[in-house]
Amino acid sequence: LNSRLHNNQINFYKDRIMILYINKAQWVDNEHSGINARVLTDTYNMLCDYHFIPEDPEFQEIVNAGFNIEEPEQPTVEEIVQEIKDRIQLLLDDTARQKNYDNGVSLASYANSTIDSFKQEAISFIKWRDTVWETCYHYLDLFNKGEYEFTTVSDFLSLLPTFNWENSSEVS
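Residues numbered from 1 in each chain as written. Predicted model: local features only at pLDDT ≥ 70, side-chain atom pairs only at ≥ 80, totals over all residues. Heavy atoms only, no water.

Undergrad: Sorry, what's going on with the overall build of the protein here?
TA: Per the secondary structure count, the protein includes 5 helices and 5 strands. Starting at the N terminus, the α and β elements of the protein follow one another as β-β-β-β-β-α-α-α-α-α. Residue burial in the protein is summarised as follows: out of 172 residues, 36% are buried. Pairs at least 24 apart in sequence give 47% of the contacts found in the protein among residues at least 6 apart. Total accessible area on the protein stands at roughly 11000 Å², and carbon and sulfur atoms take up 46% of it. (Helix = DSSP H or I, 4+ residues; strand = E, 2+ residues; numbered from the N terminus. Buried < 20%, exposed > 50% of the residue type's maximum accessible area, 1.4 Å probe, protein only. Contact = heavy atoms within 4.5 Å. Areas by Shrake-Rupley, 256 points an atom, 1.4 Å probe, with all protein chains shown as cover.)

This is the structure in C-alpha cells:
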C-alpha cells in the first residue's frame with residue numbers, strides 16, 4: 001500500500017474508491033477486531049461510512065499510521081438487557097424451527113393438540129421456555145441488586161438451561 005497519513009489525510013484505495021480523509025474512526029469492539037470509519041472519498045466527494053477488518057491492508061495502514069481510533073461506546077444497562085432478551089427470544093424461536101414450527105409461539109400453541117406428538121413437543125418446549133425466562137429474570141434481578149456480574153451477553157446466556165429434542169421431557 002502506498003498511503004500517507006497527516007492531519008487525518010490519507011490516500012489509498014478501498015473497493016476501487018480513493019479515500020482522502022478520515023473524519024472519525026472507532027474500534028468495532030473491545031477486542032479491536034475491526035474499525036468503523038467515516039471517510040471522505042474522491043469519487044463521491046462526501047463523507048461515507050466504511051468498515052475495515054484486519055484482513056484489509058488498509059486496516060494495518062490506519063493502525064500503524066497512528067490515527068486516533070476511539071474505543072467503542074459501551075452499551076447502557078438497558079441496551080444489554082434488551083440484547084439478552086432478544087437473544088433469548090431468538091434461541092426459543094430457533095429451537096422451535098428445529099422441528100419445523102414457525103417460532104416458539106407457534107410451537108407453544110400445540111399444547112392442546114389432539115395429536116400426541118405435537119402436544120408432547122409443545123408441553124416440553126413450554127416447560128423449557130418457562131425455565132429459561134425464570135432463570136433469565138432471576139439473574140437479572142441479582143445483577144440489578146449488585147449481587148451478580150457478567151462480562152458478556154454470551155456469559156449470561158451460558159447460565160440458561162439447555163434443551164435437547166432427544167430428551168425433550170428433561171430440562172437441564
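Undergrad: Sorry if this is basic, but what is going on with the packing of helix 2 (residues 77-97) against helix 4 (residues 116-144) here?
TA: How two helices pack is summed up by the angle between their axes together with the distance between the axes. As a packed pair, helix 2 and helix 4 sit with axes 11 Å apart at the nearest point and diverge in direction by 165 degrees. Regarding the angle of helix 2 to helix 4, the classification is roughly antiparallel. The handedness of the crossing between helix 2 and helix 4 comes out as right-handed. The residues of helix 4 that touch helix 2, namely those facing Val77, Val81, Ile84, Lys85, Ile88, Gln89, Leu91, Leu92, Thr95 and Ala96, are Phe125, Trp128, Arg129, Val132, Trp133, Cys136, Tyr137, Leu140 and Phe143. Residues that form the contact of helix 2 with helix 4 fall into these classes: 15 nonpolar, 2 polar and 2 charged. (Axes fitted to C-alpha atoms, helices over the stretch in contact; angles between N-to-C directions. Parallel < 35°, antiparallel > 145°, perpendicular 65-115°, else oblique. Left-handed = near helix turned anticlockwise from the far one by under 90°. Nonpolar A, V, L, I, M, F, W, Y, C, P; charged D, E, K, R; others polar.)

Undergrad: Looking at this structure, how should I read the side chain of aspartate 93?
TA: In this fold, aspartate 93 is placed in helix 2. For the buried aspartate 93, no salt bridge exists, and the shortest N-O distance to an oppositely charged side chain is 4.4 Å, to arginine 97. Here aspartate 93 is in contact with Asn103 and Gly104, once residues within four sequence places are set aside. (Lys, Arg positive; Asp, Glu negative; His and termini not counted. Salt bridge = Lys/Arg side-chain N within 4 Å of Asp/Glu carboxyl O.)

Undergrad: Just checking my understanding: could you explain helix 2 for this structure?
TA: Structural remark: α-helix, 3.6 residues per turn; residues separated by three or four positions point the same way. For helix 2, spanning 21 residues, the distance from its first C-alpha to its last is 30 Å, which sits close to the expected 30 Å at 1.5 Å a residue. Among the residues making up helix 2, those that are buried are Val81, Ile84, Ile88, Leu92, Asp93, Thr95 and Ala96. For helix 2, the arc enclosing every buried residue in end-on projection is 165 degrees, short of the 170-degree limit, so these residues lie on one face. Buried residues along helix 2 sit against helix 3 (104-108), helix 4 and helix 5 (153-157). (Expected span 1.5 Å × (residues − 1). Arc of directions from axis to C-beta.)

Undergrad: Whenever I open this one, the pattern of salt bridges confuses me. Can you help?
TA: Side-chain pairs of opposite charge can arise where the charged atoms are in close proximity. Applying the stated criterion across every chain, the model contains 7 salt bridges. One salt bridge connects arginine 38 with aspartate 49, and the closest N-O pair in it is separated by 2.9 Å. One end of the pair, arginine 38, is in strand 4 (residues 35-41); the other, aspartate 49, is in strand 5 (residues 47-52), with 11 residues separating them in the sequence. Taking relative accessible area as the criterion, arginine 38 reaches 33% and is therefore assigned partly exposed. The class of aspartate 49 is exposed, set by a relative accessible area of 56%.

Undergrad: In this structure, what is going on with a nonpolar patch on the surface? I would like to understand it.
TA: Together, Tyr110, Ile115 and Phe118 give the surface a local cluster of nonpolar side chains, amounting to about 230 Å² of exposed area. Along the chain, isoleucine 115 turns up in the loop between helix 3 and helix 4. (Patch = residues over 30% accessible without salt bridge, like charges linked within 9 Å, V, L, I, M, F, W, Y side chains within 5 Å.)

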